[in-house]
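What follows is each chain in one-letter form.
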Number of protein chains: 2
Amino acid sequence: MAVESSGWVTMGDVAERAGVSKITVSRVLRAPDKVREETRDRVRAAIADLGYVPDEAAGGLSSRRSRIVGAVISTLAGSTFASTVDGLGARLRQNGHQLLLAGTDYSSAKEADAVAAMLGRRPDGLVLTSTSHTEDARRTLAASRVPVVEIWELPAEPIGYAVGFSNHDAGAAMARHLLATGRRRPAFVGTAGEGDRRGRLRYEGFAEALAQTGTTDARAAAPSAGTHTARGARGLAAVLERWPDTDAVFCASDALALGALSEAGRRGLRVPDDIAIAGFGDFEFAGEFGLGLTTVRIPGIRIGETAAQLILDVNAGIRPDSRSIDVGFEVVERSTT
Amino acid sequence: MAVESSGWVTMGDVAERAGVSKITVSRVLRAPDKVREETRDRVRAAIADLGYVPDEAAGGLSSRRSRIVGAVISTLAGSTFASTVDGLGARLRQNGHQLLLAGTDYSSAKEADAVAAMLGRRPDGLVLTSTSHTEDARRTLAASRVPVVEIWELPAEPIGYAVGFSNHDAGAAMARHLLATGRRRPAFVGTAGEGDRRGRLRYEGFAEALAQTGTTDARAAAPSAGTHTARGARGLAAVLERWPDTDAVFCASDALALGALSEAGRRGLRVPDDIAIAGFGDFEFAGEFGLGLTTVRIPGIRIGETAAQLILDVNAGIRPDSRSIDVGFEVVERSTT
DNA sequence: GTTGCTGATGTTATCGGTAACATCCGTCAT
DNA sequence: ATGACGGATGTTACCGATAACATCAGCAAC
């Protein structure tokens, strides 16, 4: 493996060494069967000898396909989107694409910046975890004609496509589960702030399901600062202070539920005997050998994979049947309810 | 905002509309003070009118700076590296760079693939969470002259630079903590498999510190399949079966510790009275309002930020004092020890 | 023997920017 | 008046690949 002293090995270097022209090298890489076997071998040998790595940026400029997909994620911390990003990246790489990542800390302004920056790479697709965008971002995206997939939610009017589930229905399903296990005075604990959109949807579904059984007092708390576990603890405290007879708490995330669990312990409340606690997300720590927490499982990896596939398909000219794909959810009953 | 019917707005379109040449538009973007104010305003108006977004790939091709940094991460699931990636991405974006991400599932072969794919983007830097690479990857990286930063560990001979901490010392520190709180027969629970390199380092430090006090029987278990919490539970079970008088367990990650905690509960063991349990990583769920787990805190965000800064510095011609940056760690004492 | 076709390879132009050098013009010192 | 200089802007070439078209040899069909 030899490398030119000044910079990178180019396709021209490979061509010269193999005694062919650049385009033949290009063909060996993109369409090997258009090249005679002997020539092909010679070119491949030259590639290996020189340690040549094709410049994707140059190729993309010329072919107008960047083979990059951008993902704009609210946050990576908190493990909510981690598996989705994993799934997305894995499926993309299988298909020769790469993943460009940006975090927004749940800020629409940062999202708009990130979107603009990503468009500068002329991505083959864009994945957004948020569904609330600045007007500017929305316009820019629409004008760009890049396939856009919004995930983890199913907006009524997606910009392009959507892959997710109904947060509303998930909340309702959990309410029904709590009712089915005999609870009659359940409360909701969520978080305030920019990230609470989906929590609110879950709450609405939850409250509606309760209302159908005549339970109309909408018990809820949404602490606004600190870690999620701390908010969960404070949320439970707030709920119990205002409605001391609360017999179940549905938390908008497993992290909140853990906080509630620890607060319950501090207060000497037995779970689930004195109070039932349920979470959302089925994070690893919620599982059988962890907290044993009743929660809602979301197929995070599948959301990522599906979003990736959608983008690949659209670019291959395959129109999906629907602009919205519902991956569903599942209430997982464990020992805290 | 108008967009040409066929594809993207180019710098030429902007130039035409503003009545200047392409290079003037380029200057307005890269070096505004070299352009007269009036001209600058006209160009900026044209950019806004047309919704122009510069093509970074084209710019990079010409300027030979891609403004992309690649990160090859063992896994995103499990929240170990999430904050590091967050920190990395944030610092990079502040400086106009973008983050290309790939996951390897702890496979060196996938790592080699990912590295090759990333080099195709001619990145301004590369960050690797692993320190065990295929010979091929190592050669390719060395030949590429791209600044490489290995993180979360401090290898004796980094490829380029390293940002991390001593896993060995962290293990030793935890051993000393357990001894200081009166434990005399501590065991270690890790995981088997490709990802256990760092766990082994922690174990070695742990065992050495114990040996210094005369405790020479190296108690350890490393279950190999299932979720981390399940392995933690099985690990504790294995340790207790073989050494029933074990009075403390140091787990190679907080997830394992949670599993051990749940297993202890199942066996009616009181923590910390009957057995002390410590973890590693200080994941959110370990905190005060969560498990209250004694653990080792790693400045994950700072590792990411530091790695990013290192790459930016090196590209700006600033040579760092040392090829290895130790960000340290901290034993956090909570209620499980 | 010419035509037409196929397979293998090459030539030229182009993608959308930036670097380097060139030009133009006004101002100021001599 | 003249030349030097510096600020503002333009021209040309090039980054490293691919698309589109061109070429050429070999061979079958008439």
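See the structure printed just above.
What comes next is a walk through the structure. (Residues numbered from 1 in each chain as written. Chains lettered and ligands numbered in written order. Predicted model: local features only at pLDDT ≥ 70, side-chain atom pairs only at ≥ 80, totals over all residues. Heavy atoms only, no water.)

**Observations concerning the protein's contact with DNA strand C**
Taken together, 25 residues surround DNA strand C, and among them Thr24 and Thr39 of chain A together with Ser26, Arg30 and Ser62 of chain B come closest. Backbone atoms, meaning sugar and phosphate, form 59% of the atoms of DNA strand C found within 4 Å of the protein. Within the contact set of DNA strand C, a phosphate oxygen lies 2.6 Å away from a side-chain nitrogen or oxygen of threonine 24 of chain A. With respect to DNA strand C, the side chain of arginine 64 of chain A contributes an N or O atom lying 2.9 Å from a phosphate oxygen. Listed by contribution, the elements that provide at least two residues to the surface near DNA strand C are helix 2 (22-30) and helix 4 (56-63) of chain A together with helix 2 (22-30) and helix 4 (56-63) of chain B. Counting residues per element, the surface near DNA strand C draws most heavily on helix 4 of chain B, which supplies five residues. Partitioned by chemical class, the residues of the surface near DNA strand C number nine nonpolar, nine polar and seven charged. (Near = heavy atom within 4 Å. Polar contact = N/O pair within 3.5 Å; in protein donor to acceptor, adjacent residues only side chain to side chain. Helix = DSSP H or I, 4+ residues; strand = E, 2+ residues; numbered from the N terminus. Nonpolar A, V, L, I, M, F, W, Y, C, P; charged D, E, K, R; others polar.)

**Side note on the interface of chain B and chain A**
With 58 residues of chain B in contact, the opposing surface of chain A contributes 58 residues. Across the interface of chain B and chain A, roughly 5100 Å² is buried in total on both sides, 59% from carbon and sulfur atoms. The interface formed by chain B and chain A contains two salt bridges. Residues aspartate 55 of chain A and arginine 122 of chain B are paired through a salt bridge, measuring 3.8 Å at the closest nitrogen-oxygen approach. At the junction of chain B and chain A, the tally comes to 27 residue pairs in polar contact (both at pLDDT 80 or more). Listed by contribution, the elements that provide at least two residues to the side of chain B that touches chain A are helix 4, helix 5 (82-94), strand 2 (98-103), helix 6 (108-119), helix 7 (135-144), helix 10 (228-242) and helix 11 (254-266) of chain B. Residues that form the side of chain B that touches chain A fall into these classes: 31 nonpolar, 14 polar and 13 charged. Pairing geometry for strand 2 (residues 98-103) of chain A and strand 2 of chain B, over three bridges, is antiparallel. Along strand 2 of chain B, the bridge assignment pairs leucine 101 of chain A with leucine 99 of chain B. (Contact = heavy atoms within 4.5 Å. Buried area = accessible area lost by both parts, 1.4 Å probe. Salt bridge = Lys/Arg side-chain N within 4 Å of Asp/Glu carboxyl O. Pairing = 2+ DSSP bridges.)

**Structural notes on the side chain of histidine 133 of chain A**
Residue and element names in this part refer to chain A. Inspection of the secondary structure assignment puts histidine 133 in the loop between strand 3 (125-128) and helix 7 (135-144). For histidine 133, a relative accessible area of 12% gives the class buried. A polar side-chain atom of histidine 133 sits 3.0 Å from a polar atom in the side chain of glutamate 111. A distance of 2.8 Å separates polar atoms of two side chains, one belonging to histidine 133 and the other to glutamate 150. Beyond its immediate chain neighbours, meaning those up to four positions away, histidine 133 contacts Glu111, Leu128, Arg138, Glu150 and Ile159. (Buried < 20%, exposed > 50% of the residue type's maximum accessible area, 1.4 Å probe, protein only.)

**Overview of the packing of helix 10 of chain B against helix 11 of chain B**
All names here are of chain B. With their axes 6 Å apart at the nearest point, helix 10 and helix 11 run at an angle of 55° to one another. In terms of axis orientation, helix 10 runs oblique to helix 11. Two packed elements cross with a definite hand, and for helix 10 against helix 11 that hand is right-handed. Here helix 10 contributes His228, Thr229, Arg231, Gly232, Ala233, Leu236 and Ala237 to the contact with helix 11, which in turn contributes Ala255, Leu256, Leu258, Gly259, Ala260, Glu263, Ala264 and Arg266. (Axes fitted to C-alpha atoms, helices over the stretch in contact; angles between N-to-C directions. Parallel < 35°, antiparallel > 145°, perpendicular 65-115°, else oblique. Left-handed = near helix turned anticlockwise from the far one by under 90°.)

**Some thoughts on the pairing of strand 3 of chain A**
Residue and element names in this part refer to chain A. Residues Gly125 and Val127 point to one face of strand 3 and Leu126 and Leu128 to the other, with burial holding for every one of them. Relative to strand 3, strand 1 (residues 68-73) runs parallel, the two sharing four bridges. Opposite alanine 71, over in strand 3, you have valine 127 as the bridge partner. Sheet analysis places strand 3 next to strand 4 (residues 148-151), joined by three bridges and oriented parallel. The residue bridging leucine 128 from the neighbouring strand is glutamate 150, located in strand 4.

Taken by themselves, the reported measurements are silent on function.
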